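Here are the chains, one letter per residue:
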Amino acid sequence: MGKTLSIQNVKKSFTVDGQKVDVLKDINLEVQEGEFIAIVGHSGCGKSTLLKIIAGLEKNDTGLVTVDGKEVNGPGMDRGMIFQEHRLFPWMSIEKNVQLGLKGLSKEEKTKLSDQYLELVKLSEFKKAYPSQLSGGMSQRAAIARSLVSQPEVLLLDEPFGALDALTKIELQEELLKIRERFHNTMLMVTHDIEEAVYLADRIVVMSARPGRIKDVIKVELGTYRDRGGSDFAHYKKKIFDYFFEEKTVVPEYNI
Ligand SMILES: Nc1ncnc2c1ncn2[C@@H]1O[C@H](COP(=O)(O)OP(=O)(O)OP(=O)(O)O)[C@@H](O)[C@H]1O
Ligand SMILES: [Mg+2]
C-alpha cells in the first residue's frame, strides 16, 4: 500500500562560490496514499533537489517533510528512487544489482525476490547479464526492479524515461501503470514530457524557477485509461504548455 506524503514550507538554498542561491521556496504539497504526482518545470528550477529531499538524500533548510506523519531524516526503505540514468553497478550482474537493496535476508530469499521483480519487468532471461550488455530501456527496467524489490510505498522517479526513444518510453509508462495498479505505490515523477505527465498523473505540479516554487497544481480528470489522441487530453496538454509559454502562442499540435 502507498503512504501519504506531506511537504510543508520547505526551503532550500545552496552556496556556490560563496554565493547563496535559493533553489526551493515555500514548497507545500500534500500527497494522498497511492496518488500519482507529476512535477514539471524549467531546467534548474529545483525538481531533482525536491525529490532528493523527500528521499532523504538532501536536507531541507527549513520546513518539514513527513511520510505517514513521520519526519524524513535520511534515506529509508519506505522510499525508493529511480534516477534519469540507471545507476546500475557495471561490475555486477543484473540479478546482483537488483538484490543490492535487500538486507538481512538469506541468499535463497534474495534470489526469490529478485526473480519475482525481474519477471515483472520482463528481464528474467537477462538476470546473469551485465549492465553493458543491456539496451537503455532494459537498463531502466532493471533500475525499476531494483527500486521495487525492497517494496517501497513511495516511489520517486526523476525523469526515469528521459533518455529513451518514444516507443520504449510508452512501453515503460504502461508498465509503470501496471505496477501502480498492483502495488498501489504513491508516486512522484519529475518529467520534461508534458504528454507523459498528462498520461500518468492524477495531479500535475507546475514549478516556476529561481527560486523554485509551486506555481500551480492541476488535477487531471481523465479517468484511469487515457486516450492520448483525445480532445480532453489535448486540452490538458495545452493548459500545461501555456504555463511555460505565457504569451499563449497557438501551436498547431495543441490547437484544439
Ligand atoms: N549539490 C549542489 N550544490 C550546489 N548547487 C546545486 C546542487 N544541487 C543542485 N544545485 C543547483 O540547484 C538548482 C536546482 O537544481 P536541480 O538539479 O534540482 O534542478 P532540476 O529542476 O532538477 O533541473 P533539470 O530539469 O535540469 O534536471 C540548480 O541551479 C543547480 O545548479
Ligand atoms: Mg533534475
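Residues numbered from 1 in each chain as written. Chains lettered and ligands numbered in written order. Predicted model: local features only at pLDDT ≥ 70, side-chain atom pairs only at ≥ 80, totals over all residues. Heavy atoms only, no water.

> Any chance you could explain the pattern of salt bridges here in plain terms?
Should the charged atoms of two oppositely charged side chains come close, the side chains can pair. Under the criterion given, the structure shown has 19 salt bridges. Here Glu 95 and Lys 128 are joined by a salt bridge, their closest N and O atoms 2.6 Å apart. A residue pair is termed long-range when its members are at least 10 positions apart, and Glu 95 in helix α2 (residues 94-99) and Lys 128 in the loop between α3 (107-120) and α4 (136-148) qualify at 33 residues. A relative accessible area of 57% means that Lys 128 is categorised as exposed. (Salt bridge = Lys/Arg side-chain N within 4 Å of Asp/Glu carboxyl O. Helix = DSSP H or I, 4+ residues; strand = E, 2+ residues; numbered from the N terminus. Buried < 20%, exposed > 50% of the residue type's maximum accessible area, 1.4 Å probe, protein only.)

> I tried to follow the UniProt feature "domain: ABC transporter" (unreviewed entry) in the protein chain on my own but got confused; where do I start?
Taken from the UniProt record, the annotation "domain: ABC transporter" (unreviewed entry) applies to residues 5-234. Along residues 5-234, the helical share is 31% and the strand share 29%, with 30 Å between the first and last C-alpha atoms. (UniProt positions renumbered as here; feature names shortened; annotations may be inferred.)

> Looking at this model, I keep getting lost on the site of ligand 1. Mind explaining?
Taken together, 13 residues are adjacent to ligand 1, and Ser 43, Gly 44, Lys 47, Ser 48 and Thr 49 come closest. Between ligand 1 and the protein, one listed contact pairs an oxygen atom with a backbone N or O atom of Gly 44 at 2.8 Å. Contact between ligand 1 and Lys 47: an oxygen atom at 2.7 Å from a side-chain N or O atom of the residue. Of all the secondary structure elements, the ones that give two or more residues to the shell around ligand 1 are β1 (5-16) and α1 (47-55). The leading source of residues in the shell around ligand 1 is α1, at three residues. Of the residues belonging to the shell around ligand 1, the class tally is four nonpolar, seven polar and two charged. (Near = heavy atom within 4 Å. Polar contact = N/O pair within 3.5 Å; in protein donor to acceptor, adjacent residues only side chain to side chain. Nonpolar A, V, L, I, M, F, W, Y, C, P; charged D, E, K, R; others polar.)

> Even after reading the chapter, I still don't get helix α7 (residues 231-244), so can you show me in this structure?
Counting along an α-helix, one turn takes 3.6 residues, and residues three or four places apart therefore face a common direction. The end-to-end C-alpha distance of α7 is 21 Å, a good match for the 20 Å that 14 residues give at a rise of 1.5 Å each. Residues of α7 that are buried include every one of Phe 233, Ala 234, Tyr 236, Lys 237, Ile 240, Phe 241, Asp 242, Tyr 243 and Phe 244, and no others. Its buried side turned inward, α7 meets β3 (36-41), α6 (194-200), β9 (203-208) and β10 (213-219). (Expected span 1.5 Å × (residues − 1). Contact = heavy atoms within 4.5 Å.)

> Would you explain α3 in this entry?
Taking 1.5 Å per residue as the helical rise, α3 with its 14 residues ought to reach 20 Å, and the 20 Å between its terminal C-alpha atoms agrees with that figure. Among the residues making up α3, those that are buried are Leu 113, Ser 114, Tyr 117 and Leu 118. The buried residues of α3 occupy an angular sector of 130 degrees when projected down its axis, which confines them to one face. Turned more than 90 degrees from where α3 packs its buried face, Glu 108, Lys 112 and Glu 119 sit exposed. (Arc of directions from axis to C-beta.)

> Would you explain the packing of aromatic side chains in this entry?
Where two aromatic rings form a pair, the distance of their centres and the angle of their planes describe that pair. A complete count under the given rule lists four aromatic pairs for this structure. Note on Tyr 117 and Phe 183: the rings are 5.9 Å apart at their centroids and 25 degrees apart in plane angle, and the pair reads as stacked. Linking Tyr 117 in helix α3 with Phe 183 in helix α5 (residues 166-183), this pair joins segments that are 66 residues apart in sequence. Ring geometry for Tyr 199 against Phe 233: centres 6.4 Å apart, planes inclined by 55 degrees, an arrangement best described as tilted. Taken together, the positions of Tyr 199 in helix α6 and Phe 233 in helix α7 put the pair 34 residues apart, joining distant regions of the chain. Comparing Tyr 199 with Phe 233, the two get one shared label, buried. Over the face of the ring belonging to Tyr 199 we find Arg 228, whose NZ or CZ atom lies 3.6 Å from the ring centre. (Phe/Tyr/Trp six-rings, centres within 6.5 Å; stacked < 30°, edge-to-face > 60°. Lys NZ or Arg CZ within 6 Å of the ring centre and 35° of its normal.)

> Looking at this model, I keep getting lost on the pairing of strand β6 (residues 79-82). Mind explaining?
For a regular strand, side-chain orientation follows a simple rule: the groups alternate between the two sheet faces. Side chains of β6 alternate between two faces, with Arg 79 and Met 81 and Gly 80 and Ile 82 buried alike. Of the pairings in the sheet, the one linking β6 to strand β7 (residues 154-158) comprises four bridges and is parallel in character. The residue bridging Arg 79 from the neighbouring strand is Val 154, located in β7. (Pairing = 2+ DSSP bridges.)

> What exactly am I supposed to notice about the layout of surface pockets here?
Rolled over the atoms, a probe sized like a water molecule indicates the empty space that remains. Volume-wise, the largest pocket comes out at about 460 Å³. Around the largest pocket, the lining comprises 17 residues; the ones closest to its centre are Arg 79, Gly 80, Met 81, Phe 83 and Ser 147. Elements represented by at least two residues in the lining of the largest pocket include exactly β6 and α4. Element by element, the count of residues in the lining of the largest pocket is highest for β6, at four residues. What the second largest pocket holds in volume is close to 310 Å³. Lining the second largest pocket are 15 residues, with Leu 177, Arg 180, Glu 181, Thr 224 and Tyr 225 sitting closest to its centre. Going through the elements one at a time, α5 and α6 are the ones with two or more residues in the lining of the second largest pocket. (1 Å grid on protein atoms, 1.4 Å probe; cavity = no way out; pocket = protein on both sides within 12 Å on 5 of 7 lines; lining within 4 Å. Points joined across faces, edges and corners; volume = space filled by probe spheres on them.)

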